[in-house]
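Spelled out, the chains give:
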Amino acid sequence: MNVKQVRDLWKLKNAEKIGDPAKLPRHVAIIMDGNGRWARQHKLSVSRGHRQGTETLREIIRHTDDLGIEALSLYAFSTENWSRPPEEVAALMQLILDFFASEIDELDEKNVRILILGDKSALPEKQRETLIEAERRTAGNTGLHLNIAVNYGSRAELAKAAREIAEEVLAGRLKPEEISEETVSEHLYTAGQPEVDLMIRTSGELRLSNFMLYQNAYAEFVFPKVLWPDFTVEEYDRCLKEFEGRGRRYGGRTE
Ligand code: FPP
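Note that the structure is predicted; figures quoted are calculated from it, not measured.

Quick notes on the rules
- Residues numbered from 1 in each chain as written.
- Predicted model: local features only at pLDDT ≥ 70, side-chain atom pairs only at ≥ 80, totals over all residues.
- Heavy atoms only, no water.
- Helix = DSSP H or I, 4+ residues; strand = E, 2+ residues; numbered from the N terminus.
- Rg over C-alpha atoms; globule rule 2.2 N^0.38 Å.
- Buried < 20%, exposed > 50% of the residue type's maximum accessible area, 1.4 Å probe, protein only.
- Contact = heavy atoms within 4.5 Å.
- Areas by Shrake-Rupley, 256 points an atom, 1.4 Å probe, with all protein chains shown as cover.
- Lys, Arg positive; Asp, Glu negative; His and termini not counted.
- Charge placed at Lys NZ, Arg CZ, Asp CG, Glu CD.
- Axes fitted to C-alpha atoms, helices over the stretch in contact; angles between N-to-C directions.
- Parallel < 35°, antiparallel > 145°, perpendicular 65-115°, else oblique.
- Left-handed = near helix turned anticlockwise from the far one by under 90°.
- Near = heavy atom within 4 Å.
- Polar contact = N/O pair within 3.5 Å; in protein donor to acceptor, adjacent residues only side chain to side chain.
- Salt bridge = Lys/Arg side-chain N within 4 Å of Asp/Glu carboxyl O.
- Pairing = 2+ DSSP bridges.
- Phe/Tyr/Trp six-rings, centres within 6.5 Å; stacked < 30°, edge-to-face > 60°.
- Lys NZ or Arg CZ within 6 Å of the ring centre and 35° of its normal.
- Core = buried A, V, L, I, M, F, W, Y, C linked by side-chain atoms within 4.5 Å.

Caption draft 1: How the structure looks around the overall build of the chain. Looking only at helices and strands, the chain has nine helices and six strands in total. Since a compact globule built from 255 residues should have a radius of gyration of about 18 Å, the 19 Å found for the chain is in line with a globular shape. Put simply, the chain has 255 residues, and 46% of those count as buried. Partitioning the intrachain contacts of the chain with sequence separation of at least 6 by distance along the chain shows that 76% fall at a separation of at least 24. Surface accessibility of the chain: about 13,400 Å² in total, with carbon and sulfur atoms responsible for 51%. Here the chain contributes 36 positively and 43 negatively charged side chains, and the mean placements of these two sets differ by 3 Å.

Shown next as structure tokens:
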């Protein structure tokens, strides 16, 4: 049996839980919120909350890959997160190293292509090198696009795209009237990937927090109340089922 046949069989077996495989989103984005509150609830340090959140992350990546979803984007560290206490920032930076050290072999084996969304140049050297190596190692893979946002802000991404487009115009390779929505998409980190279909933010917060503003233009939003460390594969399936039931009109009408 090839990989596709295994996936099809898996989907068939799980059809009741996830519904119609044809209605699965192509691209899921997740704001993994609630690690701090989970830690407080359990009288643990915030860093321990983030560590528990990383366990959830592993399960959700595996499940997304098993389902054959094309792209998964995860908000791990925003440009605003640098303002958190130094020990929390250090813990998150360490978790990034630990995550790639323990997962890279399996992800590569599963044909996952890793892409870091965000400005890697401002990261500590070890983290920068680890992320660059993960991208390099998996660049030729053809499976799930796993986008991990680190030092990411959507406005910064759009400003970067604008600068690159302006440079093309200055160099005479592009005329201003030729700039289209596709031109902008091609200059985002996610160039070549489908736009986000389903955006999940855990913990009951109802904000986008500067995450993939352009890519989310027509995304469906689901806001489960559960805190990220408590988010399970079953909860994820419920989000996918809810997505399946949404009528998507893209501003038009369906009869
Ligand atoms: C938001 O919860 C979560 C973050 C700022 C970090 C998310 C990171 C991980 C789940 C793990 C690290 C990532 C990788 C790739 C290893 P919060 O702390 O703002 O929660 P709160 O609102 O309850 O305080």
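Caption draft 2: Expanded view of the packing of helix α5 (residues 86-109) against helix α6 (residues 125-138). In contact at an axis separation of 10 Å, α5 and α6 are set at 15 degrees when each is read in the N-to-C sense. With respect to α6, the axis of α5 lies roughly parallel. For the pair α5 and α6, the sense of crossing is left-handed. Across the interface between the two elements, M93, Q94, I96, L97, F100, I104, D105 and D108 of α5 pack against K126, Q127, T130, L131, A134, R137 and T138 of α6.

Caption draft 3: Looking closely at the site of the ligand. In the vicinity of the ligand, 18 residues are found, and the nearest of them are M32, D33, G36, R37 and R84. Separating an oxygen atom of the ligand from a backbone N or O atom of G34 is a distance of 3.3 Å. A distance of 2.8 Å separates an oxygen atom of the ligand from a polar atom in the side chain of R84. Taking 630 Å² as the accessible area of the ligand by itself, protein coverage stands at 89%.

Caption draft 4: Spatial organisation of the pattern of salt bridges. If you walk through the whole model with that rule in mind, you get 21 salt bridges. A salt bridge links R207 to E205; its shortest N-O distance comes to 3.1 Å. By relative accessible area, which is 23% here, E205 ends up partly exposed. Shared partners join several salt bridges into a network, and the residues in it are E55, R58, E59, R62, E103, E106 and K110.

Caption draft 5: Inspection of the pairing of strand β4 (residues 145-152) at higher detail. Among the eight residues of β4, eight are classified as buried, and the element is accordingly described as predominantly covered. Two strands pair when backbone bridges link them, and strand β2 (residues 71-78) and β4 are joined in this way by seven bridges, in the parallel orientation. Within β4, the position partnered with L72 by the bridge is L146. Bridge analysis of strand β3 (residues 113-117) against β4 gives five bridges, and the strand direction is parallel.

Caption draft 6: Molecular detail of the sheet that holds β4. Spatially, β3-β4-β2-β1-β5-β6 is the arrangement adopted by the six strands of the open sheet, whose pairing is parallel. Single-partner strands in this sheet number two, and they are β3 and β6 (220-222). Averaged over all pairs of adjacent strands, the angle between their axes in this sheet comes to 20 degrees, without regard to strand direction. As judged from the three bridges shared by strand β5 (residues 198-201) and β6, these two strands associate in the parallel manner. Within the sheet, the bridge partner assigned to L198 lies in β6 and is E220. Running over the sheet, α6 touches β3 and β4 and is turned about 145 degrees from β3.

Caption draft 7: Representation of the packing of aromatic side chains within the structure. Using the criterion set out here, one finds nine aromatic pairs in the structure. Here the aromatic rings of F99 and F100 are separated by 5.1 Å at their centres, their planes lie at 85 degrees, and the arrangement is edge-to-face. Across the pair, F100 and F99 agree in class, each one buried. Through successive ring pairs, a cluster of aromatic residues spans Y75, Y152, Y189 and F211. Above the face of the Y189 ring, K160 is positioned so that its terminal group lies 4.8 Å from the ring centre.

Caption draft 8: Layout of the nonpolar core. Grouped together as the largest cluster of nonpolar side chains are 40 residues, with contacts concentrated most on I30, I61, L72, F100, I114, L146 and Y236. Contact partners of L72, with chain neighbours within four places excluded, come to H27, V28, I30, I60, I61, T64, L144, H145, L146, N147 and Y236.

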